[in-house]
Amino acid sequence: MTDAATDDTRTAKPHRAGYATICWAVVQGGFALHCALTAASPADRSFGPAGVGRFVVVVAALAAVAAVAAVRLGNRPVVRALLWVACGLSLVSAFSLLMDVVGLLFAQGVDSPAAAVLHALGLLGAVLLAATARSYGSAVCARCGTVHETVVRPEPSRAPRPVGLACCAGALAFLPFVGMKVTWAVGGTFAGVSSAEMFAASRRNGASGVWLTLESWGLDGTTLLAALGVFLLFGLIRPWGQVFPRWTLVLAGRRVPRWLPLTPALIGAATLAPTA
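Predicted model, so just to flag it, every value in this text is computed and none were measured.

Q: If you had to explain the overall build of the protein chain to someone new, which residues and values would you point to?
A: Helices and strands together make up the secondary structure of the protein chain, namely 13 helices and two strands. In the protein chain, which comprises 276 residues, the share counted as buried stands at 33%. Once local pairs closer than 6 in sequence are excluded, the contacts in the protein chain between residues at least 24 apart make up 68%. Counting only carbon and sulfur atoms, one obtains 68% of the accessible surface of the protein chain, whose full area is about 16600 Å².

Structure below.
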């Protein structure tokens, strides 16, 4: 009985995410091809929308092949591996999405609207490809290989001590950055750069009024993102990172969706990983 159930799951067709991935690949590939063919300047052809577009066309084509194979062939190890490869490449194509988001949040705009759209679609594609790959064996237990009718989630608990120490080390890594921002906020000099020089440089670079006001208080976009990073770090090791706590009012007691902490992590990884 168990073997039959497992075989049925292995030959089952993928989740509807596979069809959504195919639609995404067509849209992403078509828009990227348009960007690649309509470059107006050498800079755009090399590093702008056209430069990104050529890479994205290849990624979208690979994703389309993988998604169609998933829909037609079902659960095959080769197909699943191809989906994960396309997922990683799509995540790379979302490079600098975080800076696009920061620019929009603080009324600074983006360097290239077309490139920003490609970045956002790249992240969406990574999510859809991952969902398609995971939809294969969603009913099969990764530990015993059998099919369970119900999924029992563990009770919220603190992370093991080594994980907690690693989280604290990650939070402490932000201290030099915090010290720099506080020094500039009170009018001091950090690493040979005064607060006045930093403020003038931001003004020359076209920073918006919102950004300049927050920077004068030591609370510009980078500071707020660092605070969000520390918050997410502790959410990974505390029970309130698994179930919404009482101070969230309406959401109190509900399970925290996995995508909620993973979304900012994916955006940050897509921005920072290619520069590492």
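Q: How would you sum up the packing of aromatic side chains? Please name residues and give values.
A: Think of a pair of aromatic rings as described by two things: how far the centres are apart, and how the planes are tilted against each other in angle. Enumeration according to the criterion identifies two aromatic pairs in this entry. Look at Trp 184 and Phe 190: their rings are 6.4 Å apart centre to centre, the planes differ by 80°, and that puts the pair in the edge-to-face class. When its relative accessible area of 14% is taken as the criterion, Trp 184 is described as buried. Accessibility expressed as a relative area gives 30% for Phe 190, which makes it partly exposed.

Q: Before we move on, can you summarise the environment of Met 198 with the specific residues and values?
A: Structurally, Met 198 is set in helix α10 (residues 195–204). The sequence separation of Met 198 and Ser 216 amounts to 18 residues, and the corresponding C-alpha distance is 9.8 Å. Excluding its chain neighbours within four sequence positions, the residues that come into contact with Met 198 are Trp 184, Val 193 and Glu 215.

Q: Outline helix α12 (residues 221–235), supporting the account with residue identities and numerical values.
A: Between the first and last C-alpha of α12 there are 21 Å, a value that for 15 residues agrees with the 21 Å anticipated at 1.5 Å per step. Next to the buried residues of α12 lie α9 (175–185) and α11 (209–216).

Q: Got a sec to walk through the side chain of His 119? Specific residues and values, please.
A: Relative to the helices and strands, His 119 resides in helix α7 (residues 113–134). Beyond its immediate chain neighbours, meaning those up to four positions away, His 119 contacts Val 52, Ser 93, Ala 94, Phe 95, Ser 96, Leu 97 and Asp 100.

Q: Describe the nonpolar core, listing the residues and the values that go with them.
A: Counting residues in hydrophobic clusters, the biggest one holds 16 residues, and the most contacted among them are Trp 24, Ala 63, Val 79, Leu 83, Cys 87 and Leu 129. Of all the elements in the fold, those that place two or more residues in this core are α2 (17–37), α4 (49–73), α5 (77–93) and α7. Ranked by residue count, the leading element in this core is α7, at six residues.

Q: Run through the environment of Val 117, naming residues and quoting values.
A: Mapping Val 117 onto the fold places it in helix α7. Since its relative accessible area comes to 38%, Val 117 is described here as partly exposed. C-alpha of Val 117 to C-alpha of Ala 94: the two residues are 23 residues apart in sequence and 9.3 Å apart in space.

Q: Please give an account of α9 that cites residues and values.
A: For α9, the set of buried residues is Met 180, Lys 181 and Trp 184. Looking straight down α9, one finds that the buried residues subtend no more than 95° of arc, so they occupy a single side. Looking at the buried positions of α9, the neighbouring elements they touch are β1 (189–190), β2 (193–194), α10 and α12. Count one or two residues on from α9 and you reach Gly 187, which has phi positive near 90°.

Q: Before we move on, can you summarise the packing of α2 against α7 with the specific residues and values?
A: One can describe the packing of α2 onto α7 by two numbers: an axis separation of 9 Å at closest approach and a directional angle of 155°. It follows that α2 is roughly antiparallel to α7 by the angle criterion. Where α2 crosses over α7, the handedness of that crossing is left-handed. Listed contacts from α7 to Ala 17, Gly 18, Ala 20, Thr 21, Trp 24, Gln 28, Phe 31, Ala 32 and Cys 35 of α2 are Ala 114, Val 117, Leu 118, Leu 121, Gly 122, Leu 124, Gly 125, Leu 128, Leu 129, Ala 131 and Thr 132. The residue inventory of the contact of α2 with α7, partitioned by class, reads 14 nonpolar, six polar and no charged.

Cut-offs used in this document
Residues numbered from 1 in each chain as written. Predicted model: local features only at pLDDT ≥ 70, side-chain atom pairs only at ≥ 80, totals over all residues. Heavy atoms only, no water. Helix = DSSP H or I, 4+ residues; strand = E, 2+ residues; numbered from the N terminus. Buried < 20%, exposed > 50% of the residue type's maximum accessible area, 1.4 Å probe, protein only. Contact = heavy atoms within 4.5 Å. Areas by Shrake-Rupley, 256 points an atom, 1.4 Å probe, with all protein chains shown as cover. Phe/Tyr/Trp six-rings, centres within 6.5 Å; stacked < 30°, edge-to-face > 60°. Expected span 1.5 Å × (residues − 1). Core = buried A, V, L, I, M, F, W, Y, C linked by side-chain atoms within 4.5 Å. Arc of directions from axis to C-beta. Axes fitted to C-alpha atoms, helices over the stretch in contact; angles between N-to-C directions. Parallel < 35°, antiparallel > 145°, perpendicular 65-115°, else oblique. Left-handed = near helix turned anticlockwise from the far one by under 90°. Nonpolar A, V, L, I, M, F, W, Y, C, P; charged D, E, K, R; others polar.

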